[in-house]
Amino acid sequence: MSALLEIKSSVLRQVQVCPSFRRRTEEEPGSAGADPQEPTAAGAWKPGDGVEFFTQMRLILKKGEGRRSLPCPEVLLRSNSPAPAEPADPNRGLRALTQEEVEMLYEEALYTVLYRAGTMGPDQVDDQEALLSYLQQVFGTSTEEHAEATERVKKAKAPTYALKVSVMRAKNLLAKDPNGFSDPYCMLGILSASGTPREPGPHKEQRFSFRKAAKRGSPLPAKCIQVTEVKSSTLNPVWKEHFLFEIEDVSTDQLHLDIWDHDDDVSLVEACRKLNEVIGLKGMGRYFKQIVKSARANGKAGPTEDHTDDFLGCLNIPIGEVPVAGEDRWFKLEPRSSASRVQGDCQLVLKLITTQRDTRMSQRGRSGFLSYLLLLSRLLQFEHRAEEPNSSSWRGELSAPAATVLCLHGAQSDLSALQLAVLHWQVSSRHHQTCTLDYGYLLGLLEDMQAHWEEAASLPQEQEESLADSFSAFSEFALRLLRQLRDYFPAANSTAIRRLELLLKCLDKLQLFQPSFEVCPFETELNTDITAALKRGNREWFDRLLNAKSPREQPGLQRLAGLVELVDAIYEDLQSCYSIYASLFHSIIKIDFFTLTFRQLERLVAEEVWVLTEDLNSKMTLEVASRLFELYLSLADIQRFWGSILGRDSRSLALVGIHVPFLPAVKLWLQVLRDQAKWRLQGAVDVDTLEPMENSKHSSSAATASLCFSHIQELWTCLAWPDPVQAQGLGTQLSQDLCEAALFYTQLLRKKVDAQPRASGEAVSEPLCVVLNNVELLRRAVGQALRGLAWPEGAAGPTGGLPRALLNCTQALDEDLQREACTVTAHLTSKMVGDIRKYVQHISLSPDSIQNDEAVAPLMKYLDEKLALLNALLVKENLNRVLEALWELLLQAILQALGTNLDVSADFYSRFHFTLEALVTFFHADGQGLPLENLRDGSYKRLEEELRLHKCSTRECIEQYYLDKLKQRSLEHNRCGRLSVRCYYEAAEQRLVVEVLHAADLLPLDANGLSDPFVIVELGPPHFFPLAHGQRTQVKSRTLHPVYDEAFYFSVPAEACRRRGACVLFTVMDHDWLSTNDFAGEAALGLGGVGGIVRPQVGGSTRTGQPITLHLRRPRAQVRSALRMLEGRTNREAQEFVKRLRELEKFMEADP
């Protein structure tokens, strides 16, 4: 294979696919780092060049970019800074105490510390002096005053102590009954110091027992003994019984508890009651023995040894070891002696309290509940000031001394867990209104109170009323904050939003308490109050915003500018409501805050807009139209925002129909847009140097044009005109304006490039390449912009795609720009025509002695150099256009060379055939260039056919002539009429029978509108049938539908009829008496399929087969191409064949 066939176009293989058109919304063409909308030098932009207009339009579009989708909370929550300070009102706290009340409270606190009882916990302060010193700091007393108060309290009477015992349950007790269970009950009482003497020394510890006490002769009053109920048949009894015992000496008294197995159904409680009437018993043993006997005999004496209750275990708990805060604990049961066998545990709740206190507050009837409330308030204020006086994140963490003092006082005052939770809530919620606390701390207090509320009985009425008052005060404070939601809880501040979430949870907790109160703290449902507060807050916020941006007393135009800002601010607020506030309100307190706010603000905005637009429509100017246009876009964004939420119906909005008064302004603004777009394009082309921009192949004006069209399309999308009929009118006019602007830009480019001086001898013009790239970029940009101008349904085209008017406009513009690109391509390639012809002529004149690849090499080198340059300058689409134009130029040049060189050697045509295939390989470039189907179409087929025919002999050309006739199809849609024939072969006679039956719809070739047709019947090719001469039918006068019914016989061998190309040629002529006959049409019938040729006839029938209808036609180009090949031949056979056909062609009209 010649070396030239291995030549691949490295340039074409490196053609990179041009990146798809992208809208550049961020920057216009210009120098890097400079603002493209501002001139880089004074006087660069002339007045009215559209720069300022499109700058304003770009700002409007940028404003709407963030409004295309629903906002995300992550986008809006931008700040972790501290939340805004909430209002503090000292008057909303607890009532200030008088000096006397402060002194009494101080005395109460000192009394609590000095007369504490029980064991201190690990987290409590056990140092009495430290606690007294802390109280001195809290109350701010001097050393002398503190000492005097302390001494006074020490001289007071000590409190009376009592032990609260709750016997809850036991587990894993021994089984004493035959059924495998026991019937357990508890006996418990207080053992004084005299009853349980403790002697020092290394003696073995003796555990107290009610029975063994009898042997020691220690009396115990019967009233000190308490008994639980008997729980039958169980080893895990549950009692939950509560008892109160007076304590004489905290340091020495003990709680003693026995568990016994009861053996009959007599009530132990009744037995104890009867024994309380018995006096003078001597000794503990006799006493408890008598209890057992009384239980047996219902208080009467009886046998003492039979049926004695069985011992199950005991407990001895020193009073002094009970924690000051009380305890809930499982105690392991102990035996009476080493011989006793016990097992199991018993759960007790113990709490050491005081029943009488020698303080002024107690003497004046102040309850422990009130004393604790006042003390807690005092400590909380002190601790908050000491911690962070201005902090809103303080969670009420008390110091160890404060917690210890409160624990001591709460225990001594016998306050339940519910009461303590209520007190902490009341004090903290009041304190929060004077000095902000963390809402998480307040929520925790409510949750703690709720947990204890479900376990405990209801509060006394006075305490419940006090709690209800605190709920009302807190909810009133919270509603005031919610009215100013945007001020105290801004959506962009994540800290404030977290505080809002906790506040709403607090309000939700308050609602849960409402059914539990006998005295309802709320006059109406809290949700109703919250909704009313939010509505009022929305209205107040709108009024403030309106007065700040668009006061009603301002002139209309000035108000209009402010109203645009107002609507934008409301849109941002609605975004915050949807993405931040709505989920909190809905999930926590079941209020649809977004719907509530949207409908209220949307209605208020609509009222302002309707009034203002009616006033301004009578004063329409360009400035008014521009402002109204911007205002409408913002209003459309609000409507679109509502409609983008699933399940929302925009038809119920107050803004429905708001577009009506804006229509005149929009029409005027779009007219201005058309003119401004042209000015902008004019200015861009004026400063364009037709040099490619960095990293692109088009110039600055094309980038500006594409950006302008992109902005216009985006603007139409934002406009989203709701009325379909009006939208169709606006969209149609805008699409026509865009097409006009695009064609205007191409005219400007053409003038620009024509005005530039051309370099002599330059085969490829760089400015023309840039212009071609600009046209392609414009075509894609404006096409995309036009497709984006589709208006609402109701005006769509038949396919459901683009509206018909827009589709027609888009297609027409694309065709215009494609023609413009082809024109520029023709200008670009016109300078290469001479060179291409020169190199083709070099191939045709090359002597036969040199190789084909050497003859073609100069042309291939030239093409490679030029296409390398074009590839660097053109985008992929335009490079393909140039390749197609060059390919057509090459084909025409080769055809021209073949036409000027007749009767040359076969090597001449072989060389051009080699050239053609080399060019196909070159332009295809392994799939990187033009597709093979495009290369081998059109002129290529004609050229290949001529090259093939030139390589054929005379007889092969004649055979090809008839083959081409057989391949022809009627393209005139029966314009020349039809001919019905029958053809068959009689093998016995070795002759071919051709019957001409009739014709129809022939051409009227005479002046009378008719014809005088006859049919010529010939066999071809002539050298297949040298002895067969042509025959003809009779002439049928004045008819277009002649009937012949004539048969013609041709004595020819069957083998000749079977040869490829053998056929019967029917030529219909119009007979003229005074002039030459006229050609009316022809048709060819191949003999290979005729009956009798392939399969001999059976029975010797002379009339077989069905009639065949042939469509008459005129000879096509490929038939005449074979004829032209024969014209160039000088041999006799070719000349005679051509001469005979020329006589027929005299009667033929030119091809259409």
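Residues numbered from 1 in each chain as written. Predicted model: local features only at pLDDT ≥ 70, side-chain atom pairs only at ≥ 80, totals over all residues. Heavy atoms only, no water.

Colleague: How would you summarise the overall build of the protein chain if you had to cite specific residues and measurements?
Modeller: The helix and strand tally for the protein chain stands at 36 helices and 16 strands. The contacts in the protein chain between residues at least 6 apart in sequence include a share of 78% that link residues at least 24 apart. Put simply, the protein chain shows about 54000 Å² of open surface, and 50% of that area lies on carbon and sulfur atoms. (Helix = DSSP H or I, 4+ residues; strand = E, 2+ residues; numbered from the N terminus. Contact = heavy atoms within 4.5 Å. Areas by Shrake-Rupley, 256 points an atom, 1.4 Å probe, with all protein chains shown as cover.)

Colleague: I'd like a description of the side chain of Gln 426, backed by residues and values.
Modeller: Note on placement: Gln 426 falls in helix H13 (residues 417-432). For Gln 426, the residues in contact, after removing those within four places along its chain, are Phe 369, Leu 373, Gln 463, Ser 466, Leu 467 and Ser 470.

Colleague: Give a description of the sheet that holds strand E3 (residues 225-227) that names residues and reports values.
Modeller: Strand order in the open sheet formed by four strands is E3-E2-E5-E6, with antiparallel pairing between adjacent strands. Each having just a single partner strand, E3 and strand E6 (310-318) make up the two edges of the open sheet. Direction aside, neighbouring strands of the sheet carry axes that sit 15° apart on average. As paired strands, strand E2 (residues 184-191) and E3 are joined by three bridges and run antiparallel to one another. Considered in E3, the bridge of Gly 189 is made with Ile 225. (Pairing = 2+ DSSP bridges. Axes fitted to C-alpha atoms, helices over the stretch in contact; angles between N-to-C directions.)

Colleague: Please give an account of the sheet that holds strand E4 (residues 238-247) that cites residues and values.
Modeller: What holds strands together in a sheet is hydrogen bonding between their backbones, with the strands either parallel or antiparallel. Reading across the sheet, the four strands line up as E4-E1-E8-E7 and stay open at both edges, with antiparallel pairing between neighbours. Taken across any chain shown, the strands that pair with only one partner, and hence form the sheet edges, are E4 and strand E7 (327-332). For this sheet, the mean angle separating the axes of adjacent strands, direction not counted, is 25°. In terms of strand pairing, strand E1 (residues 160-171) meets E4 through eight bridges, oriented antiparallel. Among the inter-strand pairings, Ser 166 is bridged to a residue of E4, identified as His 242.

Colleague: Requested: an account of the packing of aromatic side chains, with residues and values cited.
Modeller: As enumerated under the stated definition, the model contains 25 aromatic pairs in all. Plain terms: the ring middles of Phe 594 and Phe 598 are 5.7 Å apart, the flat faces sit at 45° to each other, and that makes the pair tilted. Taken together, the residues span about one helical turn, with Phe 594 and Phe 598 both in helix H20 (residues 593-616) at a distance of four residues. Each member of the pair, Phe 594 as well as Phe 598, carries the same accessibility label: buried. Ring centres 5.6 Å apart and planes at 70° place the aromatic pair Phe 922 and Phe 923 in the edge-to-face group. The same class applies to Phe 922 and to Phe 923, which are both buried. These aromatic residues form a ring-pair network of at least three members: Tyr 571, Tyr 578, Phe 594, Phe 598, Phe 641 and Trp 642. Sitting over the face of the ring of Trp 541, Arg 486 holds its NZ or CZ atom 4.5 Å from the ring centroid. (Phe/Tyr/Trp six-rings, centres within 6.5 Å; stacked < 30°, edge-to-face > 60°. Buried < 20%, exposed > 50% of the residue type's maximum accessible area, 1.4 Å probe, protein only. Lys NZ or Arg CZ within 6 Å of the ring centre and 35° of its normal.)

Colleague: Break down the pattern of salt bridges for me, with residues and values.
Modeller: Inspection of the entire model under this criterion finds 38 salt bridges. The salt bridge involving Arg 627 is made with Glu 630; its shortest N-O contact spans 3.9 Å. One end of the pair is Arg 627 and the other is Glu 630, both in helix H21 (residues 622-643) and three residues apart, which spans about a single turn. A residue is classified by how much of its surface remains accessible, and Glu 630, at 11% relative accessible area, is buried. A salt bridge links Arg 881 to Glu 776, with the shortest nitrogen-to-oxygen separation between them at 3.0 Å. Residue Arg 881 is located in helix H29 (residues 876-899), and its partner Glu 776 is located in helix H25 (residues 766-787); the two are separated by 105 residues in the primary sequence. One salt-bridge network, held together by shared partners, links Glu 776, Arg 779, Asp 814 and Arg 881. (Salt bridge = Lys/Arg side-chain N within 4 Å of Asp/Glu carboxyl O.)

Colleague: Describe unusual backbone geometry, with residues and values.
Modeller: What is expected of a backbone is that most residues other than glycine have negative phi and most peptide bonds are trans. Here the residue pair Gly 1020 and Pro 1021 is connected by a cis peptide bond, since its omega of -5° sits within 30 degrees of zero. Despite not being glycine, Lys 240 has its phi angle at roughly 55°, a positive value. Phi is positive for Ala 925, which is not a glycine, with a value near 50°. Residue placement: Ala 925 occurs in the loop between helix H30 (906-924) and helix H31 (932-935).

Colleague: Give me the lowdown on the nonpolar core, citing residues and values where you can.
Modeller: Ranked by size, the top nonpolar core spans 257 residues in total, and within it Leu 255, Met 449 and Phe 923 carry the most contacts. The element best represented in this core is helix H19 (residues 556-589), accounting for 17 residues. Counting 36 residues, the second largest nonpolar core, distinct from the first, contains Val 994, Tyr 1044, Ala 1083 and Leu 1087. (Core = buried A, V, L, I, M, F, W, Y, C linked by side-chain atoms within 4.5 Å.)

Colleague: Would you mind going over the packing of helix H24 (residues 724-755) against H25 in detail, with residue names and values included?
Modeller: Two elements in contact, H24 and H25, have axes separated by 11 Å at closest approach and are oriented at 175°. As judged from the angle between their axes, H24 and H25 are roughly antiparallel. Contact with H24, carried on its side by Ser 735, Leu 738, Cys 739, Ala 742, Tyr 745, Thr 746, Leu 749 and Val 753, involves Pro 767, Leu 768, Val 771, Asn 774, Val 775, Leu 778, Val 782, Ala 785 and Leu 786 of H25 and no other residues of that element. A class-by-class count of the residues in the contact of H24 with H25 yields 14 nonpolar, three polar and no charged. (Parallel < 35°, antiparallel > 145°, perpendicular 65-115°, else oblique. Nonpolar A, V, L, I, M, F, W, Y, C, P; charged D, E, K, R; others polar.)

Colleague: Break down the environment of Asp 438 for me, with residues and values.
Modeller: With respect to the element layout, Asp 438 can be found in the loop between H13 and helix H14 (439-455). C-alpha of Asp 438 to C-alpha of Arg 395: the two residues are 43 residues apart in sequence and 5.3 Å apart in space. One polar contact links Asp 438 to Arg 395, side chain to side chain, over a distance of 3.2 Å. (Polar contact = N/O pair within 3.5 Å; in protein donor to acceptor, adjacent residues only side chain to side chain.)

Colleague: I'd like to hear about the confidence of the model for the protein chain, residue by residue, with values.
Modeller: Looking at the protein chain, the pLDDT average stands at 80 and 80% of residues meet or exceed 70. Contacts for the low-pLDDT stretch residues 274-290, under 50 throughout, to residues beyond four places or in other chains number 33 contacts. (pLDDT = per-residue confidence, 0-100.)

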